[in-house]
Amino acid sequence: MLTLTVRGLERDGFLTRTVFPTIPPRVEYELTQLGKSLLQPIHQLGMWVTNNVDAIENAQSEVFAMTSPVRVLSAAYSESVP
């Protein structure tokens, strides 16, 4: 999975890959200018998540409570019993 991700980042122009002819082979990756241009937006996204983590966790808890197997079975049972 990591290999596919790195290859995709290289393909899309975010990374450069340099292979050194050593034994064992050595490979270095470096952010391109395009990759570096993503650092600030990614940092801002991380800050947004940090500032909103409580709201995100509350939303996740609400969805989990509505879709948990016990709740779903309980709701199905209560609908089938007059």
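Just above sits the structure.
Residues numbered from 1 in each chain as written. Predicted model: local features only at pLDDT ≥ 70, side-chain atom pairs only at ≥ 80, totals over all residues. Heavy atoms only, no water.

Enquirer: I'd like a description of the overall build of the protein chain, backed by residues and values.
Expert: Scanning the protein chain for helices and strands turns up 4 helices and 2 strands. For the protein chain, the N- to C-terminal ordering of α and β elements is α-β-β-α-α-α. In the protein chain, the share of contacts with a sequence separation of at least 24, taken over all contacts with a separation of at least 6, comes to 3%. As displayed, the protein chain has an accessible area near 7,200 Å², and 64% of this comes from carbon and sulfur atoms. (Helix = DSSP H or I, 4+ residues; strand = E, 2+ residues; numbered from the N terminus. Contact = heavy atoms within 4.5 Å. Areas by Shrake-Rupley, 256 points an atom, 1.4 Å probe, with all protein chains shown as cover.)

Enquirer: Give me the pattern of salt bridges: which residues, what numbers.
Expert: Going through the model one piece at a time under the given rule, you end up with 2 salt bridges. Note that Asp12 and Arg11 form a salt bridge whose closest N and O atoms lie 2.9 Å from each other. What makes Asp12 partly exposed here is its relative accessible area of 40%. Among the ionic pairs, Arg26 bridges to Glu28, the shortest N-O distance being 2.5 Å. (Salt bridge = Lys/Arg side-chain N within 4 Å of Asp/Glu carboxyl O. Buried < 20%, exposed > 50% of the residue type's maximum accessible area, 1.4 Å probe, protein only.)

Enquirer: I'd like a rundown of the pairing of strand β2 (residues 26-31), residues and numbers included.
Expert: As paired strands, strand β1 (residues 15-20) and β2 are joined by 6 bridges and run antiparallel to one another. Bridge pairing in β2 links Phe20 to Arg26. Where β1 folds back onto β2 in an antiparallel hairpin, the turn is made up of 5 residues. (Pairing = 2+ DSSP bridges.)

Enquirer: Tell me about a nonpolar patch on the surface, residues and numbers included.
Expert: Side chains of Val19, Val27 and Tyr29 sit close together on the surface and give an oily, nonpolar patch of about 250 Å² of accessible area. Secondary-structure assignment places Val19 in strand β1. Take Val19: its relative accessible area is 47%, and that puts it in the partly exposed class. (Patch = residues over 30% accessible without salt bridge, like charges linked within 9 Å, V, L, I, M, F, W, Y side chains within 5 Å.)

Enquirer: Any chance you could break down the side chain of Thr32 for me, citing the residues and the numbers?
Expert: Tracing the chain through its elements places Thr32 in the loop between β2 and α2 (33-36). Those residues in contact with Thr32 that sit more than four places away from it in its chain are Gly13, Phe14, Leu15 and Thr16.

Enquirer: Residue-level account of helix α3 (residues 39-67), with values.
Expert: The terminal C-alpha atoms of α3, which comprises 29 residues, lie only 36 Å apart, well short of the 42 Å expected from a rise of 1.5 Å per residue. Largest kink in α3: about 65 degrees, centred on Asn52. (Expected span 1.5 Å × (residues − 1). Bend = angle between axes of the 7 residues up to and from the residue.)

Enquirer: Explain the packing of aromatic side chains to me, and be specific about the residues and the numbers.
Expert: Here the distance between the centres and the angle between the planes together describe a pair of aromatic rings. Counted according to the given criterion, the structure contains 0 aromatic pairs. Across the ring face of Phe20, the terminal group of Arg26 is positioned such that the distance to the ring centre comes to 4.0 Å. (Phe/Tyr/Trp six-rings, centres within 6.5 Å; stacked < 30°, edge-to-face > 60°. Lys NZ or Arg CZ within 6 Å of the ring centre and 35° of its normal.)

Enquirer: Account for the environment of Leu31, naming residues and giving values.
Expert: With respect to the element layout, Leu31 can be found in strand β2. Taking the relative accessible area as the measure of exposure, Leu31 reaches 34% and is therefore partly exposed. When the C-alpha positions of Leu31 and Thr16 are compared, they lie 6.4 Å apart, and in sequence the two are 15 residues distant.

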